Amino acid sequence: MNMRTWSGLLALALGLVAVTAGAQVVTITYWQYEFASKVQMIDELIAEFEAENPGIKVRHETFPYAVFAEKVATSVPAGAGPHIVNLYYGWLPAWQRAGYLQPLPEDAFPTDSIESEFAPLVRAAKIDGRYWGLPTAVRTLALFYNVDLFEENGISGPPETWDELISIAQKLTIYRGGRFVRAGFGMAPDGQDHHLVREILLRQFGGAPYSDDYRTVAYNTPEGAAALKFYTDFRLVHQIGEPDFPFPGVAGYYRDGFIAGLIGMIVDGSFAIGAITRSAPHRWAVAELPRLTPDGERHNFASFWMHGLTPLAQGAELEAAVKFLQFITSERAMERWVAWVGELPARLSLVDNPELVGDPILGPFVAALPYSHATFFVDEAAQRAVMIDAVLRVIRDGMDPAESLRRAASEEQAILDRFWQAR
Amino acid sequence: MGTSRHSSSVVGLTLRRRRILWAYAFLAVPLLFFVAIRIWPMLQAFQLSVTRWHVDPAQRVFVGFHHFQQMWGDAKFLQALRNTALYAAIGVPAQVFLGLGIALLLNNIRRLRGLFRAIYFAPYVTPAVAVAWAWSYMLSPHLGVVNTLLGYVGIPPQPFLTSPTQALPTVAAVVVWQFVGFHVVIFLVALNSIPREIYEAARVDGASGWSLFRRITFPLLNPSLVLSVIMATASPSIGILQLFTQVMNLRMYDPGGPLGSTSTVVLYMYQMAFRRFDFGYAAAIIVVLFAIILTISLLQLRVLRRRFEY
């Protein structure tokens, strides 16, 4: 026998070993974008899951946020993508329509138990009567405020109403020679404020953003215009801040501004807690979002990242993927998640946990869950842009809020119609 | 001689023919590569443009020219198209003429020439993301150094990237700043390759200054000018018609904004493909852009290329 024959035999033997091993162990792949605390958490959960399920190996792969959707878009059709993928709930309709997801098997995830056990906002993951994924955690919005700045300016506590927010912000704002040196409130229509207008202010002013099935735009009303005017007046009348302050275009500019002490208050999600905790040199605190009057309605916006199954999961891999999905959406996983990542548990059974409700940072976010709305986006990027533009047309182009909102309504209705007509 | 002829006739080919065959064999490798990674995907894009996309090939539906009709009624696409034309109208002449001007100046100095060349070229090799961030800080209407400097000479603070009217020219300026070094290098190389004797002969004949430039330098720079113009217009790396990275990074949370004023065709295509997962429509957009780039490049070649003789 010569060298070639030997190496051929060796390769064959190795191949056989791999095949027999493969018959015993099923390997599935989980994808999410790179976010340090989530990556560590999933790694730990995988280790636990594998210890309990010796027949299953989970490969965990992550990509930078900016290229995550691109990776999924091109890998799944090529058959090389993940079995389980983590996606923002607003992307679901587009991904589902293009065939990137398969519905959760009804026997493993009965619709009834999902709807009785999970927070109601998780219904945004339901299309055509089926669930296309489930979250481990959900997020709501709250008001972050700079405690040091508040004390320096003799302000005793966070605002209860929006009018109080305006007067506090005016005390904190420094405006000199046509330029903001410090903004009392960090306006960010392209951050979280488009949600603030759509799901919070609009409702507090007595309007509604959409019909109950989210198929018809309902905000083109005097109440809607009043809500948009109220928000844009932050800049145009009260001068307490402006979009793009302090550094236009930079991702998370308003959060950076808050961290740097250039902004007194921001509306941000529970997902911002980590970054602010790590970097802010000053003392800060969190409060529930203000309302119009001291006894007015509270509203909030909730969102979540969900784990979905791609069509690549079939047969034994589908079985394994379902098991893993059950595990990472279990109470056990959620308890770990909230402690480590700082996002709220998606299961109702954990929401009343007194430790969580009483937590000075997480408490205000948890309190918001019962009055939160998760907008059902059919085309998140486009619908988001509609509301950002509605705000900027008023602030940058001086358009009347009612006219700007009328245009937004017709643009967004066209987006909704295009989606529903094609189905 | 007899033996070599004999041996080559064994395979029935002359030496010359065998050489040619070898040449083709070597050429075939890059050609195959080119076909596989350029032509084939391009053909696929054409096919995709008449299809409604689905992961499962069996569920892809032929939609004919539907996507192309859709484009005509798509205000956001038309705005991106208009913006792209504006970017080209500002950016291409600015890059080429600034590049030429700087190269001519550099060509006239001896001292610190290498240093200046490096300074002008540095932005071109700086990552676009870093460039975008640095400019975003400097151009902040409130805290940026540019408005502070303008303040010293009595000019009121400008909104720059936050203004729907100023944002596009501002992005164009950043892009020109980043790419001008590339053109400087092209023109410097070309200037160095013009034989000194031609200038000397012309001087003997009494020519000087402007007429030397107009009658000798400029005509002899023509091939570089053509290259420079076509690169600045159409190339995937620095071509204004394919502008994407700078626009995206200069406005991370509202790409193409404010109010769509900085959007480009490629950015819009990207959003359709990777935000809406509408690859059919995205492919149709790219087919249209392909046709535009092809037409413009051919026109530029035709108009700009001049025959010249030494």
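Note that the structure is a prediction, hence the values are computed from the model and not measured. (Residues numbered from 1 in each chain as written. Chains lettered and ligands numbered in written order. Predicted model: local features only at pLDDT ≥ 70, side-chain atom pairs only at ≥ 80, totals over all residues.)

1. Considering the overall build of chain A
Part 1 of the argument: Assigned secondary structure in chain A consists of 18 helices and 15 strands.
Part 2 of the argument: In terms of overall dimensions, chain A is globule-like: its C-alpha atoms have a radius of gyration of 24 Å, near the 22 Å expected for 423 residues.
Part 3 of the argument: In terms of its C-alpha atoms, chain A occupies a principal-axis envelope of roughly 90 × 50 × 45 Å.
Part 4 of the argument: Looking at chain A as a whole, 49% of its 423 residues are labelled buried.
Part 5 of the argument: Of the contacts made within chain A by residues no fewer than 6 positions apart, 73% connect residues no fewer than 24 positions apart. (Helix = DSSP H or I, 4+ residues; strand = E, 2+ residues; numbered from the N terminus. Rg over C-alpha atoms; globule rule 2.2 N^0.38 Å. Buried ≥ 20, exposed ≤ 12 C-beta atoms within 10 Å, placed from the backbone. Contact = placed C-beta atoms within 7 Å.)

2. Quick look at unusual backbone geometry
Part 1 of the argument: Of the consecutive residues Phe245(A) and Pro246(A), the connecting peptide bond is found in the cis state with omega at 5 degrees.
Part 2 of the argument: Locating Pro246(A) in the fold gives a position in the loop between α9 (222–236) and α10 (253–259).

3. A few points about the domain arrangement of chain A
Residue and element names in this part refer to chain A.
Part 1 of the argument: Structurally, chain A comprises domain 1 (25–139 + 303–373) and domain 2 (141–301 + 378–421).
Part 2 of the argument: Of note, the centres of domain 1 and domain 2, computed from C-alpha atoms alone, are 28 Å apart.
Part 3 of the argument: Each side of the interface is counted separately: domain 1 has 19 residues, and domain 2 has 19 residues.
Part 4 of the argument: Counted by class, the side of domain 1 that touches domain 2 contains eleven nonpolar, six polar and two charged residues. (Domains from an automatic or database assignment. Nonpolar A, V, L, I, M, F, W, Y, C, P; charged D, E, K, R; others polar.)

4. Here's the deal with the sheet that holds strand β13 (residues 303–309) of chain A
All names here are of chain A.
Part 1 of the argument: Strand order in the open sheet formed by six strands is β2-β1-β3-β13-β6-β14, with mixed pairing between adjacent strands. This sheet does not close on itself; its edge strands, each paired only once, are β2 (56–63) and β14 (344–345).
Part 2 of the argument: As paired elements, strand β1 (residues 26–33) and β2 share eight bridges and run parallel to each other. Directly across from Tyr33, in β2, lies its bridge partner Phe63.
Part 3 of the argument: Contacting β1, β2, β3 (84–88), β6 (134–139) and β13, helix α12 (residues 315–328) runs over the sheet at an angle of about 50 degrees to β1. (Pairing = 2+ DSSP bridges. Axes fitted to C-alpha atoms, helices over the stretch in contact; angles between N-to-C directions.)

5. With respect to the sheet that holds strand β11 (residues 284–287) of chain A
Each strand in a sheet pairs with its neighbour through backbone hydrogen bonds, running either in the same direction (parallel) or in the opposite one (antiparallel).
Residue and element names in this part refer to chain A.
Part 1 of the argument: Spatial ordering of the open sheet is given by β8-β9-β10-β7-β11, a layout of five strands whose pairing is mixed. Each edge of the sheet is formed by a strand with only one pairing partner; in this case those strands are β8 (174–176) and β11. When strand polarity is set aside, the average angle formed by the axes of neighbouring strands in this sheet is 30 degrees.
Part 2 of the argument: The pairing of strand β7 (residues 141–146) with strand β10 (residues 263–269) spans five bridges and is classified as antiparallel. Bridge pairing links Ala142 to Asp268 in β10.
Part 3 of the argument: Strands β7 and β10 of the sheet are contacted by helix α8 (residues 189–204), whose axis makes an angle of about 70 degrees with β10.

6. Topic: the packing of helix α13 (residues 265–274) of chain B against helix α14 (residues 279–304) of chain B
Residue and element names in this part refer to chain B.
Part 1 of the argument: Relative to each other, α13 and α14 sit at 160 degrees, their axes nearing to 7 Å. Classified by the angle their axes make, α13 and α14 are roughly antiparallel. The crossing of α13 and α14 is left-handed. Residue-level inspection shows Val265, Tyr268, Met269, Met272 and Ala273 of α13 in contact with α14, the latter providing Phe279, Tyr281, Ala282, Ile285, Ile286 and Leu289. (Parallel < 35°, antiparallel > 145°, perpendicular 65-115°, else oblique. Left-handed = near helix turned anticlockwise from the far one by under 90°.)

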